[in-house]
Amino acid sequence: MRRWRNHADAHAGAHAGAHTGAFEDRARPGSGHSPAGYGGAFGPSIPNSGPITGHRLAAGRTTCIYGPTSTGRRNQWSRLPRGPERTGFFETDGVREFGGLKWKFQVEGAYLPPELRKYNTYPVAAVHSSPAIVDGLAYVGSDDLYLYAVDIETGRQMWRFLARLDVFQSAGPVQSSPVIAGWAIFFGSWDNILYSVDMETGLEKWRFETRGRIWSSPAIAGTSVFIGSDDGNLYAVDIETGRGKWRFQTSDWVTSTPAAANGVVYFGSYDNHVYALDGETGAEKWRFETGDSVHSPPVVANGVLYSGSHDGNLYVMELQTGEEKWRFRTNGKVKSSPSVAGGVVYFGSYDQNLYAVDSQTG
């Protein structure tokens, strides 16, 4: 497959919060195919919600899948937060009990030819990425530089994709959790790239280059893929072509996974702020200042936004204005992704506690 890449515009806004709008696109068309059933941008068959098809537990260097699991059907989702928009709101009871270890899959470590080993080599690595599960396959990234496709019934590897900028540079760990739309998998890597990969073949469809490592996991809404980068930007990228639509510059890393709801994209930055942007234009709607960096992926539920901060608080903000409704104080950083279900918001803290808090009152 012929590969091509898309470069972000080098001329970022000069100050924090600068919205650079639609930027110059130097992409070259690739030869990646769009199989039947993709349905345009991401197709009418993609649901906004779906059942959890399994549970993932990651331990050290091994990904373990615990039963019961289900092969499901196309476009059923299994990830945290649930769904392509990554809103973090759950309407499912999930799996009520575990049936024991079904299998475990150990990543192999990246193979690099001798001429590249002077740049980087990862013989074995940890799994930080949360898998996406669809049609009987689990897709998961690893610090050994690969995205893997694994059969959820047998634990057998179906294919793997090496995340590398080009053949002359070292690859990057894949800590970003993939999201699936139609026949494509989207994920970021520490090689600064947002990838689109064919879910059946493992071949690259397109790539979009940022200017910093990508810890953030992508969110999808409409025809856009949203993702943050260590270059301080949140990007909106066309889901079919990989061409940049717009970017919004903050003054520090954007490691937070965005959430998209009702035409608005919400995310946090290491510049201590939570932002709300217009999903079509990238224009800022509001920003909320916390007392420290924001890595916690925001959650949209009950007409409000939930987000943690390194200052030890879980914050709850009005969706329309960003005005604070309440906060809940812990004794450590809140980097985890909150989850909302049954009138309760669940989240973890660096103070070694898991909290369950009334989602309306705190």
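Thresholds applied
Residues numbered from 1 in each chain as written. Predicted model: local features only at pLDDT ≥ 70, side-chain atom pairs only at ≥ 80, totals over all residues. Heavy atoms only, no water. pLDDT = per-residue confidence, 0-100. Contact = heavy atoms within 4.5 Å. Pairing = 2+ DSSP bridges. Helix = DSSP H or I, 4+ residues; strand = E, 2+ residues; numbered from the N terminus. Buried < 20%, exposed > 50% of the residue type's maximum accessible area, 1.4 Å probe, protein only. Phe/Tyr/Trp six-rings, centres within 6.5 Å; stacked < 30°, edge-to-face > 60°. Lys NZ or Arg CZ within 6 Å of the ring centre and 35° of its normal.

(A) Region of interest: the confidence of the model for the protein. Mean pLDDT over the protein works out to 75, with 67% of the residues at or above the 70 mark. pLDDT under 50 marks residues 1-82. Its contacts with residues more than four places away, or in other chains, come to 246 contacts.

(B) Structural context of the pairing of strand β25 (residues 324-329). Strand direction decides the pairing type here: strand β24 (residues 313-318) and β25, joined by five bridges, are antiparallel. Bridging across to β25, Val 316 finds its partner in Trp 326. The hairpin turn running from β24 into β25, its antiparallel successor, is five residues long, and Gly 322 in that turn takes a positive phi close to 80°.

(C) Region of the structure containing the environment of Glu 108. Counting through the fold element by element, Glu 108 comes out in the loop between β5 (101-106) and β6 (132-134). Relative accessible area serves as the criterion here: at 46%, Glu 108 is assigned to the partly exposed category. In the structure, Glu 108 is positioned 38 residues away from Tyr 146 in sequence and 9.2 Å away in space, judged by C-alpha atoms.

(D) Representation of the environment of Arg 329. Positionally, Arg 329 belongs in strand β25. For Arg 329, a relative accessible area of 53% corresponds to the exposed category. Measuring from C-alpha to C-alpha, the distance between Arg 329 and Tyr 315 comes to 8.9 Å, with 14 residues separating the pair along the chain. Not counting chain neighbours up to four residues away, the residues in contact with Arg 329 comprise Asp 311, Gly 312 and Asn 313.

(E) Quick peek at the packing of aromatic side chains. Tallied over the full model, the rule gives 20 aromatic pairs. Each ring, one from Phe 105 and one from Tyr 148, has its centre 5.3 Å from the other, and the planes form 70°; the classification is edge-to-face. Of this pair, Phe 105 sits in strand β5 while Tyr 148 sits in strand β8 (residues 146-151), and the two are 43 residues apart along the sequence. For the residue pair Phe 105 and Tyr 148, the accessibility class agrees, reading buried in each case. Joined through ring pairs, the aromatic side chains of Phe 105, Tyr 146 and Tyr 148 make up one cluster. The ring centre of Tyr 146 lies 4.1 Å from the NZ or CZ of Arg 160, which sits over that ring. Over the aromatic face of Trp 190 sits the side chain of Arg 213, whose NZ or CZ is 4.6 Å from the ring centroid.

(F) A look at unusual backbone geometry. The phi dihedral of Asn 262 is positive, around 55°, even though this residue is not glycine. Of note, Asn 262 is situated in the loop between β18 (259-261) and β19 (264-268). For Asn 302, which is not a glycine, the phi torsion comes out positive at approximately 60°. Mapping Asn 302 onto the fold places it in the loop between β22 (299-301) and β23 (304-308). By relative accessible area, Asn 302 is classed as partly exposed at 40%.

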